[in-house]
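Spelled out from the first residue to the last, the chains are:
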Amino acid sequence: MSFLKEIERRRTFGIISHPDAGKTTLTEKLLLFGGAIQEAGAVKNNKIKKGATSDFMEIERQRGISVATSVLAFNYHDKKINILDTPGHKDFAEDTFRTLTAVDSVIVVIDVAKGVEEQTEKLVAVCRMRKIPILVFINKLDREGKDAFDLMDEVEKKLGLTVTPMSFPIGMGYDFQGIYNIWEKNINLFSGDSRKNIEDVIAISDVESPELEKIIGQKPADKLREELELIREVYPDFNREDYLDGKLQPVFFGSALNNFGVRELLDCFVEIAPTPRPKESETRLVDPKEEKMSGFVFKIHANMDPKHRDRLAFVKIVSGTFERNKPYLHVRQGKNLKFSSPNAFFAEKKEIVDISYPGDIVGLHDTGNFKIGDTLTEGEQMSFKGIPSFSPEHFRYINNADPLKSKQLEKGVDQLMDEGVAQLFTLEMNNRKVIGTVGALQYEVIQYRLEHEYGAKCTYENFPAYKACWVKPEDPKNEEFAEFKRIKQKFLAKDKYGQLVFLADSDFSIQMTQSKFPTVKLFFTSEFD
Ligand code: G4P
């Protein structure tokens, strides 16, 4: 198959949701359609279960599983589908943000009864900022939930989207009869049987036809006609360009658990979802169709087997073909590297692959060369943009609890930060180290992993910061910047890349600082140019 055809057939996306909305269930049903797994229950749930074990032990257990579920690839019709896993737990939101730099589109799963939840709002905001095409799947229609129109209103208001329904439910919960597929113009009747076949779909060319009453009954037929009329009046027609530009979001209804409405979603998705998209680098826009390979690291998994210090760096291929044993330039380190056993992912297995295409993810075995955000090219000096660090929400000093193991501690902290588990700040004043995280859980994870993987022990001490602000003076030589540094010296630190950061202790202090030093700009993410 030609290079261009290979690009054309790829669909690389993420499924995002608030925990429990049905992301894992939907993923599993999609894999079933792709023939990638044979039975339900085969996809291991990588969410953090509450209960018997402590949360962080559970995270450790899940870390083993999540290598397998990081990328789930399968073929559907003539398309190659790559689903990138995104953790739903809020303490791991930054992992998800980073994964969103590697997807070409997303499917947002919303629980029909709970509506738009907090985590969904945060993740969709990031997608909108990056203009990622979004498709919405409203799940659990077999249960009582909110009215479909109210829910679409809520999606528009809370998520800032402009929706267009592609299907519409006939009843809900106890009265749920099925779905009218606006996109395909047919009715899919619900029988609550997950082994239902496509044959059960009834094509209906015109909703005005008396056939409709025979199928769903007089009252529901009248109601559906009214609703479809309203949809035509109120919602814009689907338009692929607008969807791809992030201006319009198609909505599907269904029940993942019952495998209902999922085929409709997938069939439409493979038609409309974007093929691998161009990506901005610091110097230029890189097109997938370019012959020369380029890609970037968006995720690192380390020490799955602590005896072997193994790391797997996940690279999204942006352009060209990635080939086994070919030398590529590691731009940040300025050195050429060859990979003798790049992994591709298929369903839940990984296997060595000779060639990968734009949109694909390859897993590279790494001995410590990679950091998140690193770029690989065929020699061009360029780095991809778009993997900023976000301000952490928790800050603590990290102290060495075993003086004989200070080297191990340093190495462990360094490597865990490369993986993106947390962010390290070194105070300007005294070189003390502060660890910043999105969730409190990460501190336990770090402590546990330092001990078990590096043989080092640490303790923490509170550091009174509230937000990390990356600092950019308009003029690094002016008096104002010097004064800023003098007054704030106790709160200034360098991040891992040597950028200056102001660790502010309150919103008030940020505001005061901004008004006192207007030429010193403060940013809440590390990438602000
Ligand atoms: P998540 O990955 O988004 O966190 O959600 P997950 O798929 O694990 O689903 C959360 C719960 O919702 C699961 O139940 C799942 O079975 C259920 N669920 C998913 N889709 C549907 C649906 O269409 N209808 C109904 N009624 N339920 C659905 P659980 O009891 O928490 O877990 P389990 O014991 O069933 O695995």
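Throughout this document, residue positions are counted from 1 along each chain, in the order its sequence is written. Where local features are concerned, this predicted model is filtered to residues with pLDDT of at least 70; where side-chain atom pairs are given and counted, the filter is 80 or more; whole-chain, interface and lining totals use all residues. In computing side-chain properties, one takes all heavy atoms of the structure into account and sets aside hydrogens as well as water.

Looking up the protein in an unreviewed UniProt entry gives the name Peptide chain release factor 3, with the organism given as Flavobacterium humi. UniProt positions are given in the numbering used here, feature names are shortened, and annotations may be inferred rather than shown by experiment. Under the UniProt heading Sequence similarities (unreviewed entry), the entry covering the protein gives this text: "Belongs to the TRAFAC class translation factor GTPase superfamily. Classic translation factor GTPase family. PrfC subfamily." Regarding the protein, the UniProt comment filed under Function (unreviewed entry) reads as follows: "Increases the formation of ribosomal termination complexes and stimulates activities of RF-1 and RF-2. It binds guanine nucleotides and has strong preference for UGA stop codons. It may interact directly with the ribosome. The stimulation of RF-1 and RF-2 is significantly reduced by GTP and GDP, but not by GMP."

Chemist: Which residues make up the overall build of the protein, and what values do they have?
Modeler: Along the backbone of the protein there are 14 helices and 31 strands. Contacts spanning at least 24 positions in sequence make up 72% of the contacts within the protein whose residues lie at least 6 apart. Note on areas: these come from Shrake-Rupley sampling with a 1.4 Å probe, and a residue is covered only by the protein chains present in the view. In the form shown here, the protein has an accessible surface area of approximately 23400 Å², with 50% of it arising from carbon and sulfur atoms. Runs of E in the DSSP output that reach at least two residues are strands. Runs of H or I that reach at least four are helices, and both are numbered from the N terminus. By definition in these notes, contact holds between two residues if any of their heavy atoms fall within 4.5 Å.

Chemist: Mind laying out the pairing of strand β30 (residues 500–504), listing which residues take part and the relevant values?
Modeler: Most of β30 sits inside the fold, with 5 of its 5 residues counted as buried. In this scheme, a residue with accessible area under 20% of its type's maximum is buried, one over 50% is exposed, and one in between is partly exposed, where area comes from a 1.4 Å probe on protein chains only. Because side chains alternate across β30, one face comprises the buried residues Leu500, Phe502 and Ala504, and the other comprises Val501 and Leu503, equally buried. Of the strand pairs in this sheet, strand β28 (residues 467–473) and β30 are connected by 4 bridges, and their pairing is antiparallel. Bridge pairing in β30 places Ala468 opposite Leu503. Strand pairing is assigned whenever DSSP identifies at least 2 bridges connecting the two strands.

Chemist: Outline unusual backbone geometry, listing residues and values.
Modeler: The phi angle at Asn325 is positive, at roughly 65 degrees, despite the residue not being glycine. One non-glycine residue, Asn431, adopts positive backbone phi at about 65 degrees. Along the chain, Asn431 falls in the loop between β25 (423–427) and β26 (433–437).

Chemist: Outline the environment of Ser105, listing residues and values.
Modeler: Looking at the secondary structure, you find Ser105 in strand β4 (residues 105–111). Under the relative-accessibility criterion, Ser105 is labelled buried at 1%. Residues Ser105 and Asn399 lie 294 residues apart in sequence; the distance between their C-alpha atoms is 42 Å. With near-sequence residues (within four places) excluded, Ser105 lies in contact with Thr12, Phe13, Gly14, Ile132, Pro133, Tyr243, Phe269, Ala273 and Pro274.

Chemist: Account for the sheet that holds β26, with residues named and values stated.
Modeler: A sheet is described by the order of its strands in space; here 8 strands give the open sequence β27-β24-β26-β25-β29-β30-β28-β31, paired in antiparallel fashion. Among the strands making up the open sheet, the edge pair consists of β27 (458–462) and β31 (520–523). For this sheet the average axis-to-axis angle between neighbouring strands, irrespective of direction, equals 40 degrees. Strands β24 (394–400), β26 and β27 of the sheet are contacted by helix α12 (residues 441–454), whose axis makes an angle of about 155 degrees with β27. For helices, the axis comes from a line fit to the C-alpha atoms of the stretch in contact; other axes are also lines fit to C-alpha atoms, and the angle between any two N-to-C directions lies between 0 and 180 degrees.

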